[in-house]
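So you can see what is in the structure, the chains are spelled out below.
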Amino acid sequence: MIDKYITNLALRFSEKPIWKSIIILVFLLTVCSLISACFILQGYDMKSPINALAKMSFIKSFFFACILSPFMETGLLYILIFLTNKYLTKSITLQIFLPGIIFGLLHNYSLLYIIYATLMGIVFCFGFCSYYYNRGFKTAFWSIAFIHFMRNFIPILLVL
């Protein structure tokens, strides 16, 4: 039942013009960020990679956070989605949630950051699956890599 709902949602999502769907994904990622900001305001310690990036030069932090990470992590999401589809299940729900959880676990700076990154990973995987199954690999990869680039670029600008 849930898988059918998510499949229909992904199909409707992918039928939107690409700029509208990117805006929707960015909005969802912003909601995830606002949720984490609420925890930070409550006094929870949310260690993040921004502390390490702040110690680097702008060029190095830009390269690692905005070039290398989005492309490698988007490629990793594709591989995880592909492997989930091929070896585990055809369920789009699991193809979204399983790689999203793994994405979150790779960002193990703190428990709160793992939860935050898992939510972000689920949004990225939803977008990737929606584009991949309905528009092809190129659209899926470049759209999600671009959104990930923008998502990582904003904190770097704020650190300057």
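Definitions and cut-offs
- Residues numbered from 1 in each chain as written.
- Predicted model: local features only at pLDDT ≥ 70, side-chain atom pairs only at ≥ 80, totals over all residues.
- Heavy atoms only, no water.
- Disulfide = S-S within 2.5 Å.
- Buried < 20%, exposed > 50% of the residue type's maximum accessible area, 1.4 Å probe, protein only.
- Patch = residues over 30% accessible without salt bridge, like charges linked within 9 Å, V, L, I, M, F, W, Y side chains within 5 Å.
- Areas by Shrake-Rupley, 256 points an atom, 1.4 Å probe, with all protein chains shown as cover.
- Salt bridge = Lys/Arg side-chain N within 4 Å of Asp/Glu carboxyl O.
- Helix = DSSP H or I, 4+ residues; strand = E, 2+ residues; numbered from the N terminus.

Visitor: What is the right way to look at the state of the cysteines in this model?
Guide: Note: disulfide means a covalent bond formed between the sulfur atoms of two cysteine side chains. The tally for this structure, following the rule as stated, stands at 0 disulfides. No disulfide involves C125; its sulfur sits 6.3 Å from that of C129, the nearest cysteine. According to the relative accessible area criterion, C125 is buried, its value standing at 0%.

Visitor: Help me understand a nonpolar patch on the surface, please; the structure alone is not making it clear to me.
Guide: Side chains of F27, L28, V31, I35, F39, L111, I115 and L119 sit close together on the surface and give an oily, nonpolar patch of about 700 Å² of accessible area. Broken down by secondary-structure element, the contributors of at least two residues to the nonpolar patch are α2 (18-41) and α6 (111-135). At 5 residues, α2 tops the list of elements feeding residues into the nonpolar patch. When you line up the elements, V31 lands in helix α2. Take V31: its relative accessible area is 31%, and that puts it in the partly exposed class.

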